[in-house]
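Residue-level structure breakdown
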Amino acid sequence: MATERQERTIQEVKDSDPVCDAQTGLKFVHVEADQAVAYITRLRDVQGYTHLVFFTAIDYIEDSIFRLTYMVHNYASRQDLGVQVDIPRHGTTMESIHHLWPHAATYQRELKEMFGIDFPGSPGLDDSFILEGWTGIPPMRREFDTKLYSEQTYFPRPGRVTHDTTAYMKEKLYPSEAETW
Amino acid sequence: MVETVKHDPRSKFPPVDATSGKSVYNLQSGKYMKVWQGPQHPGITGNMSLELTVCGDEVIDCKTHVGYLHRGFEKLMERRRYIQCFPLVCRICVPEPDFNEYLFAEGAEELAGIEIPEKARWYRALTLEMARLASFLMWIGGQAAAFGMGTIGQWTVTMRDYVLDLFEELSGGRIYHMYIIPGGVRADLPAGFALRVEQTLAQIGKVLDDVELALMYNAVFKKRAMGLGVITPSMVDEYGITGPNARGSGIQRDIRKDNPYLVYDQLEFSIVTETGGDAYARTWVRLRETRQSIDLIRQMLEKMPTSGPFFQKLPNVLHWKIPAGQTYKKAECTRGEYGFFMVSDGTELPRRIYVRGPSYTHAVTLMEKLAINVNIADTAGLMVSLHTYPPEIER
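The shown structure was predicted, so the numbers you read here are calculated from the model rather than taken from an experiment. (Residues numbered from 1 in each chain as written. Chains lettered and ligands numbered in written order. Predicted model: local features only at pLDDT ≥ 70, side-chain atom pairs only at ≥ 80, totals over all residues. Heavy atoms only, no water.)

Looking only at helices and strands, chain A has five helices and four strands in total. Listing each helix as α and each strand as β along chain A from the N terminus yields α-β-α-β-β-β-α-α-α. When each of the 181 residues of chain A is scored for burial, the buried share is 44%. (Helix = DSSP H or I, 4+ residues; strand = E, 2+ residues; numbered from the N terminus. Buried < 20%, exposed > 50% of the residue type's maximum accessible area, 1.4 Å probe, protein only.)

Written as structure tokens, this is what we have:
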């Protein structure tokens, strides 16, 4: 059963068909997290946004939020609509949309792995997608430091020496002039 | 003991778990066997693997595994200036890297409010169409080779090499061209380039005639490709299918027509469709689109302006701050809708760049569905017929 708030959102959607920028054919709308799936369902079933183009997240660590972006496309009006939902970064859970588009489960599986966002009920959510056996923090979160990770994980091969290129080439090319440097 | 839905013991398919919806089978029973196809190129499409469960020689369950080519492009780009991202993006897709360059440049230009010269728009379209042609030629080779006709693959891969020669002349690079850069393109066309393009196109046209005769009317190919991996029109929106995979099922959709970019609204072409929905129909679509690419390149060479600037000067790119904003740019690559979602927070580094590759849906969810009931010998052919490319799944 839709809550009163969800009903109100659905009514708002009914009243205002999102109009995209005439030049780019693109528009972004912000929706509250608890109304997002009802809104997207209506976009798909009533307003003709039948194609889920992609589903991803943006990490705004300074505001402690993830901004989920569902990009949907309407083939009749040739418009793209980005539905954006802000959810808190900690204890992150979002309603799944795999019942609307089966391939959304893949996007949600990736978001779980890369951002740590949970989508209860989404098929195969906990199966590793790209990172097999990963135990660290989800790597697409802003606090994951790629440079620090590579310094801790990988190390220079022994037996290799790093030279200062200018000095090294001088020594190699003009050894007789070494005293004049 | 798991509770399963009603199951006929005579069926070759194993019972299905009532809770998870997954198949339940006992590999010790001798009836089922697991076969791993890949990750070493199951049908020349790049490194990913298919975990196939077979009963006899028929696939009854398929699970895809990706991650062999993950290089963290999206994460790396969050820590680089816009111009430093540029050499990274083309590496997301080897057969047609130009789409990455174009979409990245277009996104950055839109956010920064930069207009590029008319000539650069034509040069960009020419490069993209040449990339499409090279990618299609490689694909035809893969599709034929997956059904045991490697000779056809050698013909078309040779032709692709001639296109790469043209790219080398144009940009200095055969695979990664880095020709389309923010602000326009990197160089003017070399003298006599149009003539050499025309010579190559004429050569490719002749080979395509041979390919059509040798492949499309070949009894073995017809027998194996017809009815393989049928995509029904109702599946197209359900699974987010785009490009030739959708057009092979009779769906008239092409971004070059529906949301024209660059100069496509000034060119004459129609959307190629077939109605079969199977691997054979998709092959027809791609073969005809290859010819269409040749025609479009000829039209561009004829119509493009011969004078004027090809580059709009940018601010100092090492300190280039792009105003806060977000955009989504898309284009029709050989596999379908390719897109870049770019978010800027007004600093010198991008906040988020998301790459939407068509293989994301085609190679994972769709492949897992279509592989069921396919003969194990045809899975490579099925995968190539979807024209998937794993690096754009993993980014």
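Once that is clear, we can look at the sheet that holds strand 2 (residues 49-55) of chain B. Residues and elements named next belong to chain B. A sheet is described by the order of its strands in space; here three strands give the open sequence 1-2-3, paired in antiparallel fashion. Edge positions in the sheet fall to strand 1 (33-37) and strand 3 (58-65), since each has one partner strand and no second. Neighbouring strand axes in the sheet, compared pairwise and without regard to direction, differ in orientation by 25° on average. With seven bridges connecting them, strand 2 and strand 3 associate as antiparallel partners. Each residue of the ladder has a partner; that of E51, found in strand 3, is K63. On the sheet, helix 12 (residues 359-370) packs against strand 2 and strand 3 and is oriented at approximately 165° with respect to strand 3. (Pairing = 2+ DSSP bridges. Axes fitted to C-alpha atoms, helices over the stretch in contact; angles between N-to-C directions. Contact = heavy atoms within 4.5 Å.)

Okay, empty space enclosed by the protein next. Counted according to the given criterion, the structure contains three cavities of 30 Å³ or more. As a volume, the largest cavity reaches approximately 120 Å³. In the lining of the largest cavity, the residues fall into four nonpolar, five polar and seven charged. (1 Å grid on protein atoms, 1.4 Å probe; cavity = no way out; pocket = protein on both sides within 12 Å on 5 of 7 lines; lining within 4 Å. Points joined across faces, edges and corners; volume = space filled by probe spheres on them. Nonpolar A, V, L, I, M, F, W, Y, C, P; charged D, E, K, R; others polar.)

Residue and element names in this part refer to chain B. One pass over the structure, following the stated rule, counts 44 salt bridges over all chains. In this structure, the salt-bridge partner of D254 is R247, at a minimum N-O distance of 3.8 Å. The same class applies to D254 and to R247, which are both buried. (Salt bridge = Lys/Arg side-chain N within 4 Å of Asp/Glu carboxyl O.)

Moving on to the environment of R132(B). All names here are of chain B. If you trace the backbone, R132 turns up in helix 4 (residues 118-146). For R132 and Y102, which are 30 residues apart along the polypeptide, the C-alpha to C-alpha distance reads 13 Å. Each residue touching R132, except ones within four places of it in the same chain, is listed here: E96, F99, R256, E289, S293, E332, C333 and T334. For R132, the side chain forms a polar contact with the main-chain oxygen of E332, separated by 3.0 Å. (Polar contact = N/O pair within 3.5 Å; in protein donor to acceptor, adjacent residues only side chain to side chain.)

Turning our attention to unusual backbone geometry. All names here are of chain B. Although it is not a glycine, M178 sits at a positive phi angle of roughly 45°. Note that M178 resides in the loop between helix 5 (150-171) and strand 4 (180-181). On the basis of relative accessible area, M178 is assigned to the partly exposed category, the value being 22%. In the Ramachandran plot, N373 falls in the positive-phi region, its phi being about 75° despite a non-glycine side chain. Within the secondary structure, N373 is located in the loop between helix 12 and helix 13 (379-385).

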